Amino acid sequence: MAAAPPRPQSVAGLGTSNISELPVLVPCRQLVCPVCRACPQRTSMFMFRRRRAALVRSLLKARVRKKDDDEVRNLLMKKLNEGQLEDLLRAVETRGGTASCIIVDTSADPAFLTCRNWRWPDLDSPCQLKKLPVCRSSLAEPCCNPFHWSRLYSPESPPPPPYSRFSSERLKPEDRAPSESSQLELRGSLSTNGEEVHPGWCRLAYWELSMRVGRQFPVHNQSVNVFWNLPHGDGLSLRTLAANEPQPPSAVLKARDKIGKGVTLSKEDDGIWAFNRSDCPIFVNSPALDDPDSRFFLVYRVPPGHCLNIYNGSPRAPRCQSGPIDLNSVRISFAKGWGPKYSRQDITACPVWLEILMAPCR
C-alpha cells in the first residue's frame, strides 16, 4: 500500500496551509503598512517638520525685539522655505557672514520685519532703511536678509558732544590733516607723494596717525569695500597695505582690530554714501556736511550698521578756514573721534583713518 503524501505544514499566524495563498508583502511607500511601520515617506516628513520647527525656534530666540510673535510667524516665517530659514539663521548668527539674498513673496515689507526683529528693535518705518550695494535684489523681489540693509543716519540735527564741533583756528598748521593743507602741498608730498595715480571717481589713502600707509587706491567700480582683513573680501584690504610697514604703536594695533568689515563706499545718483559695516562707530568730516555760516567744522558719529550721504558734490566750507582747504576730500576715522572734548584735537592724532579724495584728481 502506497504511503500518503506528506501533509503541508501550516504557516504560523496566517491560518493557511497553502503556501501559494500567502499574501505578497510589498515594501510600503505611500501608505502605512500594518506589518512594516517604518514608512520612509512618513519618517522623512517627520524629520522635515522637526528641522523646520527647530529653525523657527532658533530664529525666534535670537530676536532683539521680543514681541509681535504672531506677526513674525504669519507674515514671514510661514513664507520662507527651509533653505531660506537656514540662510536667515546663518546671517543672524554670523552677523552678516553670509552674502546670500533671501527673496520672499509676502504682502508685508520683509526687510522691515527682519531688520526690526533681528537688528534694530526701535525701527519705525521702512523709509529708515537703505539697501547695501552687495544686495542684488530688486524692488519687485525684495530681500529680507537683515544684513543686506543699513539704517539711515540723519545729520539734520547737530551731533551731540564731545565729537560735534571743533574750530580749525585751534589747530597749528603742522597739525592739520593732509587734505586741510594748501593746494600746493596736496600736489606734492602730503597727499600724492609724487606718485602717478590712475583716475577713477575717487582715490583712497589709508593713514595711521600722521603716517600714510601704502599707495593710494583708485576706485573705478560704483562701490568699494574697505576692510581690515576678510578671507573672501572684495575691495581694499588695509592689512595688505600695512603688511610691509614697521611696527606701529600699541594704540594703532588696538584700533586695527576694531576695523573689521570696515566701510562700503558707494557712488549713487544723489551722492557718495558711506555704509558702516564694522562693529564700532566711524567719525566723518566732510565739506558737504559743514555749515557755511558756522565757525566750526562738524564731525559726525555714525553708529555701526548705519549709513550717511557723505558727499553730494556741493561742498560748503565754514567761515573759520584760515587757509586753502580741499573741498573735495572726506575723512573717516575708525572707532576714534577727534575734537575739542578729546585728547585728539586733529584727525592726524587718530590711530587709523581713511582719506577719500574725490575726482577730479588734483
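Structural data are supplied above this passage.
Residues numbered from 1 in each chain as written. Predicted model: local features only at pLDDT ≥ 70, side-chain atom pairs only at ≥ 80, totals over all residues. Heavy atoms only, no water.

1. Overview of the overall build of the chain
Filter applied, for reference: In this text, helices come from DSSP runs of H or I with a minimum length of four residues, and strands from runs of E with a minimum of two, each type numbered from the N-terminal end. Relative accessibility thresholds used throughout: buried, under 20% of the residue-type maximum; exposed, over 50%; partly exposed, between the two (1.4 Å probe, protein chains only). Working rule for contacts: check all heavy atoms of both residues, and any pair within 4.5 Å makes them a contact. Accessible surface is estimated by sampling points in the Shrake-Rupley manner with a 1.4 Å probe; for residues, cover comes only from the protein chains shown.
Along the chain, the regular secondary structure elements total seven helices and 15 strands. Scored against the burial criterion, the 362 residues of the chain give a buried share of 45%. Considering only contacts in the chain between residues 6 or more positions apart, those separated by 24 or more positions represent 63%. Just so you have it, the chain exposes about 19,700 Å², and 52% of that area is on carbon and sulfur atoms.

2. Quick notes on the pairing of strand 5 (residues 211–219)
Our working definition: DSSP calls a pair of strands paired once it identifies at least 2 bridges connecting them.
As defined by bridge partners, strand 4 (residues 202–208) adjoins strand 5 across six bridges and the pair is classed as antiparallel. Bridge pairing in strand 5 links Glu208 to Met211. Between strand 4 and strand 5, which follow one another and run antiparallel, lie two residues, and Leu209 among them has a positive phi close to 60°.

3. Here's the deal with the sheet that holds strand 7 (residues 235–237)
Just so we agree on the cut-off: For helices, the fitted line uses only the C-alpha atoms of the stretch in contact; every axis is such a line through C-alpha atoms, and the angle between N-to-C directions lies from 0 to 180 degrees.
Pairing within the open sheet is mixed, and its seven strands lie in the order 1-2-13-9-8-6-7. Two strands lie at the open edges of the sheet, namely strand 1 (129–131) and strand 7, each paired on one side alone. Strand after strand, the sheet turns through a mean of 30° between neighbouring axes, direction not considered. Pairing of strand 2 (residues 149–152) with strand 13 (residues 306–311) involves two bridges; the strand directions are parallel. Bridging across to strand 13, Arg151 finds its partner in His306.

4. Quick look at the environment of Arg256
Note that Arg256 resides in helix 7 (residues 250–256). We classify Arg256 as buried; its relative accessible area is 10%. Other than its neighbours up to four places away in sequence, Arg256 contacts Tyr206, Glu208, Trp228, Ala242, Pro248 and Val352.

5. A short note on helix 4 (residues 110–118)
We count it as follows: Residues adjacent in sequence count toward polar contacts only when both atoms are side-chain atoms; beyond that, a polar contact is any pair of N or O atoms within 3.5 Å, and within protein one must be able to donate a hydrogen and the other to accept it.
Most of helix 4 is tucked away: nine of the nine residues are buried. Turning to helix 4, its buried residues are Pro110, Ala111, Phe112, Leu113, Thr114, Cys115, Arg116, Asn117 and Trp118. Near the N-terminus of helix 4, the side chain that reaches the backbone nitrogen of Ala111, with its oxygen 3.2 Å away, is that of Asp109.

6. Description of the packing of aromatic side chains
The cut-off we apply is this: By convention, a stacked pair of Phe, Tyr or Trp rings (six-membered ring in the case of Trp) has centres within 6.5 Å and planes under 30 degrees apart, an edge-to-face pair has planes over 60 apart, and any other such pair is tilted. Note on criteria: charge over ring means Lys NZ or Arg CZ within 6 Å of the ring centre, with the direction from the centre no more than 35 degrees off the ring normal.
By the definition in use, this model includes one aromatic pair. Arranged with centres 5.3 Å apart and planes meeting at 10°, the rings of Trp207 and Trp353 form a pair that is stacked. Residue Trp207 is located in strand 4, and its partner Trp353 is located in strand 15 (residues 353–358); the two are separated by 146 residues in the primary sequence. Residue Trp207 is classed as buried on the basis of its relative accessible area of 4%. The ring centre of Trp273 lies 4.5 Å from the NZ or CZ of Lys130, which sits over that ring.

7. Here's the deal with the pattern of salt bridges
Applicable threshold: In the sections that follow, a salt bridge refers to a side-chain nitrogen of Lys or Arg positioned within 4 Å of a carboxyl oxygen of Asp or Glu.
The final tally for this structure, using the stated rule, is six salt bridges. A salt bridge links Asp87 to Arg90; its shortest N-O distance comes to 2.8 Å. Of this pair, Asp87 and Arg90 are both found in helix 3 (residues 82–94), three residues apart, which corresponds to roughly one turn of the helix. Residue Arg90 is classed as partly exposed on the basis of its relative accessible area of 38%. A salt bridge links Arg151 to Asp122; the nearest nitrogen and oxygen atoms lie 2.9 Å apart. Remark: Asp122 occurs in the loop between helix 4 and strand 1 and Arg151 occurs in strand 2; sequence separation between them is 29 residues.

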